[in-house]
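# Observations on the model geometry
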Number of protein chains: 2
Amino acid sequence: MAASRMTEPTYLVLLALADEPRHGYGIVQEVRALSDGDVRLGAGTLYGVLDRLVAAGQIAPDHEEVVDGRLRRYYRITESGSAAAAVETERLAALARRARRVLAPRPALGNA
Amino acid sequence: MAASRMTEPTYLVLLALADEPRHGYGIVQEVRALSDGDVRLGAGTLYGVLDRLVAAGQIAPDHEEVVDGRLRRYYRITESGSAAAAVETERLAALARRARRVLAPRPALGNA
DNA sequence: TGGCATAGGTCGTCCCGCGATATATATCGA
DNA sequence: TCGATATATATCGCGGGACGACCTATGCCA
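Below you will find a few notes about this structure. The structure presented is a predicted model; accordingly, all values stated were derived computationally and were not measured. (Residues numbered from 1 in each chain as written. Chains lettered and ligands numbered in written order. Predicted model: local features only at pLDDT ≥ 70, side-chain atom pairs only at ≥ 80, totals over all residues. Heavy atoms only, no water.)

Counting across every chain of the model gives 17 salt bridges over all chains. Residue A:R22 is joined to A:E20 by a salt bridge in which the shortest nitrogen-to-oxygen separation is 3.7 Å. Residue A:R22 is classed as buried on the basis of its relative accessible area, which comes to 14%. For A:E20, a relative accessible area of 40% puts it in the partly exposed group. With its nearest N and O atoms 3.6 Å apart, the salt bridge here joins B:R22 to B:E30. Here the salt bridges share partners, and the residues they tie into one network are A:R5, A:E88, A:R91 and B:E8. (Salt bridge = Lys/Arg side-chain N within 4 Å of Asp/Glu carboxyl O. Buried < 20%, exposed > 50% of the residue type's maximum accessible area, 1.4 Å probe, protein only.)

Here it is, written out as structure tokens:
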């Protein structure tokens, strides 16, 4: 089960694209929502992550649109990207589960 | 609910010290166990994290022992550290929950 | 005698996060 | 009318943190 490891912004971008293709700014908004407002992706972070993910084949450019005179560049997730996101999700869930056990107020009382 | 953000090695070190004081090498082993073998803390990572956590008041030097002629330098978690670990744990759990929803195979079938 | 586990620590590099900055359009309030 | 805010793209440079390489040292086992 030992796996790759992924930085959090990368993971969040992957999640933001999981359900449907989005453009840069849309990703920023979705990441903010997914992280409950915690993570505000800056431009530098976003495009760095995007470039790396494309290079890794986990996302791909989808199409472009012009809305209100502004260009929108859409990206979609690949199967490889979906798989990686799923693996990372389970890794985090398992970690949180173990963390809760370790952080439990009373470690052992009676039967443990 | 918007919170601080913490790097993963930092979080894992905090977790490793959550239940009892440990020395450096012991932390490395516990982190490995907690992460299901995924994270092998190197010396550079460990001592950097340790220094930062001490400076932040989230862990503190506990005591020293000499076992088999080798020095063991123990650290313990502080209340501030425990609180931070708990917050981060819930953040991760919430994120994993949302991630599962987003990654669900069939997003909407029937009612949703 | 050499290698591995245990135990501590420093140093340097490189990657990544992230703010600053630039460009451009549309809306809204002062 | 001017500035701020939101939408939308992208580059650049700094700094911090992860991590491997390396060093010292003891005890054990083959």
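In this section: the protein's contact with DNA strand C. In the vicinity of DNA strand C lie 21 residues, with A:T7, B:Y25, B:Y47, B:R72 and B:R73 positioned nearest. Sugar and phosphate atoms represent 71% of those atoms of DNA strand C found within 4 Å of the protein. Between B:R5 and DNA strand C, the recorded distance is 3.2 Å, taken from a side-chain N or O atom to a phosphate oxygen. Between DNA strand C and B:R72 there is a distance of 2.3 Å, counted from a phosphate oxygen to a side-chain nitrogen or oxygen. Secondary-structure elements contributing two or more residues to the surface near DNA strand C are α3 (43-55) of chain A together with α2 (24-34), α3 (43-55) and β3 (70-77) of chain B. By residue number, the principal contributor to the surface near DNA strand C is α3(A), which donates 5 residues. Taken together, the residues of the surface near DNA strand C break down into 7 nonpolar, 7 polar and 7 charged. (Near = heavy atom within 4 Å. Polar contact = N/O pair within 3.5 Å; in protein donor to acceptor, adjacent residues only side chain to side chain. Helix = DSSP H or I, 4+ residues; strand = E, 2+ residues; numbered from the N terminus. Nonpolar A, V, L, I, M, F, W, Y, C, P; charged D, E, K, R; others polar.)

All names here are of chain A. Overall, antiparallel pairing links the 3 strands, which are arranged β1-β3-β2 in an open sheet. Unpaired on one side and paired on the other, β1 (22-23) and β2 (59-67) mark the two borders of the sheet. Where β2 meets strand β3 (residues 70-77), 7 bridges bridge the pair, whose relative direction is antiparallel. In the sheet register, P61 faces β3, and the bridge partner there is Y75. Against the sheet, α3 touches β2 and β3, its axis set at about 130° to β2. (Pairing = 2+ DSSP bridges. Contact = heavy atoms within 4.5 Å. Axes fitted to C-alpha atoms, helices over the stretch in contact; angles between N-to-C directions.)

This brings us to α2(B). Among all positions of α2(B), only B:G24, B:G26, B:I27, B:E30, B:V31 and B:L34 are buried. Buried residues of α2(B), viewed axially, fall in a sector of 150°; they line one side. The elements touched by buried residues of α2(B) are α4 (79-103) of chain A together with α1 (8-16), β1 (22-23), α3 and β3 of chain B. (Arc of directions from axis to C-beta.)

Residue and element names in this part refer to chain B. Spatially, β1-β3-β2 is the arrangement adopted by the 3 strands of the open sheet, whose pairing is antiparallel. The two strands at the open ends of the sheet, each matched to only one other strand, are β1 and β2 (59-67). Examined bridge by bridge, β1 and β3 share 2 bridges and lie antiparallel to one another. Paired with R22 across the bridge in β3 is Y75.

Taken together, the contact pairs 30 residues of chain B with 30 residues of chain A. For the pair chain B and chain A, the two sides together bury roughly 2,900 Å², of which 61% comes from carbon and sulfur. Our count for the contact surface shared by chain B and chain A stands at 5 salt bridges. Linking B:R91 and A:E8 is a salt bridge whose minimum nitrogen-to-oxygen distance equals 2.7 Å. Seen at the junction of chain B and chain A, the total is 6 residue pairs in polar contact (both at pLDDT 80 or more). (Buried area = accessible area lost by both parts, 1.4 Å probe.)

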